[in-house]
Amino acid sequence: MSAPPDTLCIGSALWDVIGRAGQSLPIGADVPGRITRTPGGVALNIAIMLARLGRRPAMLTALGDDDPGLSLIAACARLGVSCDHATILPGRPTDRYMAIEGTNGLIAAIADAHTLEAAGAAILAPLTDGRLAGADAPWTGPVVLDGNLTGALLAQIATSPLFAAARLAVAPASPGKALRLAPLLPRPNVRLYVNLAEAALLSGAPAADAAAAARAMLAAGAARVLVTDGARAAADGCARRGVLTATPPAVTPVRVTGAGDTFMAAHFVAEDRGAPRDAALAHALAIAAAYVAGKDA
């Protein structure tokens, strides 16, 4: 058993299989490149970055009782992420994510998170049975949630007393899953991290840039939202303090998958350490840009 965690990351933990080509890719391209397999999933990507930044994250997730699951647990331990409280589902395969990237960005991706979805609320058991918290002593630290959780489970979390005292940082995982986060939108203890497309879906108001998207999210009831837009300016929207923006450093893209997760983790830690809003935003954009350029954050 590892040291007690200071941050919970609830959501997907899986193997990322990424094919990358050093050129622009049209649909249907068949080109040389490199294929890698690394630990991934939105919640796990964030947990790995949090560990690099000095946090002690623990995953609440679901894994299969197969060799990929066992090897993922071992990889997480080496990276400083605890899977002590992960739910193991007998007879289920460990989830996977597959993507193709070119110098023109992400071409296509498929997330197979069916084991996480099948587990449902079972992954929250450590918050009720005393291992991490209980009904009489709820978790009061930070929690990261991702949109790979089912809509039903996210709706349950939105109103659950188990999370009433926690600080929630939430990412959709993809535009296709953004609407799952709708029940969390008006919660005062929730900070949302979204891209421009996800903001448009959640707010119901397409926007030309991140600042406009942040204002639309605030108008829709969000207390705090961070909106990214690739290489264009990002925005931090706060219901009490308005909207501010910053532009990420210009870099040549080497990788794309995980960039938003890296931004979220870096911003989360910067603010947790007391950085002002503008400094935290600029810092997170710099860390994410370094990641996209292929450098260690």
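What counts, and where the lines are drawn
Residues numbered from 1 in each chain as written. Predicted model: local features only at pLDDT ≥ 70, side-chain atom pairs only at ≥ 80, totals over all residues. Heavy atoms only, no water. Helix = DSSP H or I, 4+ residues; strand = E, 2+ residues; numbered from the N terminus. Rg over C-alpha atoms; globule rule 2.2 N^0.38 Å. Contact = heavy atoms within 4.5 Å. Lys, Arg positive; Asp, Glu negative; His and termini not counted. Charge placed at Lys NZ, Arg CZ, Asp CG, Glu CD. Buried < 20%, exposed > 50% of the residue type's maximum accessible area, 1.4 Å probe, protein only. Pairing = 2+ DSSP bridges. Axes fitted to C-alpha atoms, helices over the stretch in contact; angles between N-to-C directions. Phe/Tyr/Trp six-rings, centres within 6.5 Å; stacked < 30°, edge-to-face > 60°. Lys NZ or Arg CZ within 6 Å of the ring centre and 35° of its normal. Salt bridge = Lys/Arg side-chain N within 4 Å of Asp/Glu carboxyl O. Polar contact = N/O pair within 3.5 Å; in protein donor to acceptor, adjacent residues only side chain to side chain. Right-handed = clockwise from strand over helix to strand, strands pointing away.

Caption draft 1: Spatial organisation of the overall build of the protein chain. Summing up its helical and strand segments, the protein chain has 8 helices and 14 strands in all. In terms of overall size, the protein chain behaves like a compact globule, its C-alpha atoms giving a radius of gyration of 18 Å where 297 residues would be expected to give roughly 19 Å. With respect to the three principal axes, the spread of C-alpha positions in the protein chain is 50 × 50 × 35 Å. Once local pairs closer than 6 in sequence are excluded, the contacts in the protein chain between residues at least 24 apart make up 67%. Side-chain charges in the protein chain split into 24 positive and 23 negative, and the spacing between the mean points of these groups amounts to 5 Å.

Caption draft 2: Expanded view of the pairing of strand E12 (residues 224-229). For E12, the tally of buried residues reaches 5 of 6 residues, placing the bulk of the element in the interior. Here strand E11 (residues 190-195) runs beside E12; their pairing, made up of 4 bridges, is parallel. Within E12, the position partnered with Val194 by the bridge is Val227. In this sheet, strand E13 (residues 232-238) lies alongside E12 in antiparallel orientation, the contact comprising 5 bridges. Note that in E13 the partner of Leu226 across the bridge is Asp236. The loop that links E12 with its antiparallel partner E13 comprises 2 residues; one of these, Gly230, has a positive phi angle of about 60 degrees.

Caption draft 3: Representation of the sheet that holds E13. Overall, mixed pairing links the 8 strands, which are arranged E4-E1-E9-E10-E11-E12-E13-E14 in an open sheet. Only two strands of the sheet have a single neighbouring strand rather than two, namely strand E4 (57-60) and strand E14 (242-246). Across the sheet, the axes of successive neighbouring strands diverge by a mean angle of 20 degrees, strand direction being ignored. Helix-sheet contacts for helix H1 (residues 42-52) involve strand E1 (7-10), E4, strand E9 (142-146) and strand E10 (167-171), and the interaxial angle to E4 is about 170 degrees. Seen against the sheet, helix H5 (residues 196-203) touches E11 and E12 and runs at an angle of roughly 120 degrees to E11.

Caption draft 4: Broad picture of the sheet that holds strand E2 (residues 14-20). With mixed pairing, 4 strands are arranged side by side in an open sheet as E3-E2-E7-E8. The open sheet has two edge strands with one neighbour each: strand E3 (34-40) and strand E8 (105-112). Strand-to-strand twist across the sheet, computed as the mean angle between neighbouring axes with direction ignored, equals 15 degrees. Of the strand pairs in this sheet, E2 and strand E7 (residues 96-102) are connected by 6 bridges, and their pairing is parallel. Opposite Val17, over in E7, you have Met98 as the bridge partner. Sitting on the sheet, H1 is in contact with E2 and E3, with an inclination near 80 degrees to E3. Contacting E2 and E3, helix H2 (residues 67-78) runs over the sheet at an angle of about 90 degrees to E2.

Caption draft 5: Fine view of the packing of aromatic side chains. Within this structure, the stated rule accounts for 1 aromatic pair. Look at Tyr193 and Phe263: their rings are 6.3 Å apart centre to centre, the planes differ by 70 degrees, and that puts the pair in the edge-to-face class. Of this pair, Tyr193 sits in strand E11 while Phe263 sits in helix H7 (residues 259-272); the two residues are 70 residues apart in sequence, bridging distant segments of the chain. According to the relative accessible area criterion, Tyr193 is buried, its value standing at 5%. Residue Phe263 is classed as buried on the basis of its relative accessible area, which comes to 3%. Of note, Arg255 hangs over the ring of Tyr291, and the distance from its end group to the ring centre comes to 3.9 Å.

Caption draft 6: View of the side chain of Asp66. Here Asp66 lies in the loop between strand E5 (62-64) and H2. Buried Asp66, no salt bridge; nearest opposite-charge side chain is Arg96, N-O distance 7.6 Å. Side-chain polar atoms of Asp66 contact the side chain of Thr94, separated by 2.7 Å. For Asp66, the residues in contact, after removing those within four places along its chain, are Arg92, Pro93 and Thr94.

Caption draft 7: Looking closely at the environment of Gly40. The topology assignment puts Gly40 in strand E3. Between the C-alpha atoms of Gly40 and Arg277, which are 237 residues apart in sequence, the distance is 28 Å. Not counting chain neighbours up to four residues away, the residues in contact with Gly40 comprise Ser12, Ala13, Leu14, Asp16 and Asn45.

Caption draft 8: Structural view of the pairing of E9. Burial analysis of E9 places 5 of its 5 residues in the buried class, which makes it a mostly covered element. Burial along E9 is two-sided: the face carrying Pro142, Val144 and Asp146 and the face carrying Val143 and Leu145 are both buried. In this sheet, E9 lies alongside E1 in parallel orientation, the contact comprising 3 bridges. Note that in E9 the partner of Ile10 across the bridge is Leu145. In this structure, E9 lies alongside E10, joined through 5 bridges in parallel fashion. Bridge pairing links Val144 to Ala169 in E10. Handedness of the crossover joining E9 and E10 through helix H4 (residues 151-159) is recorded here as right-handed.

Shape descriptors only; they carry no functional weight alone.
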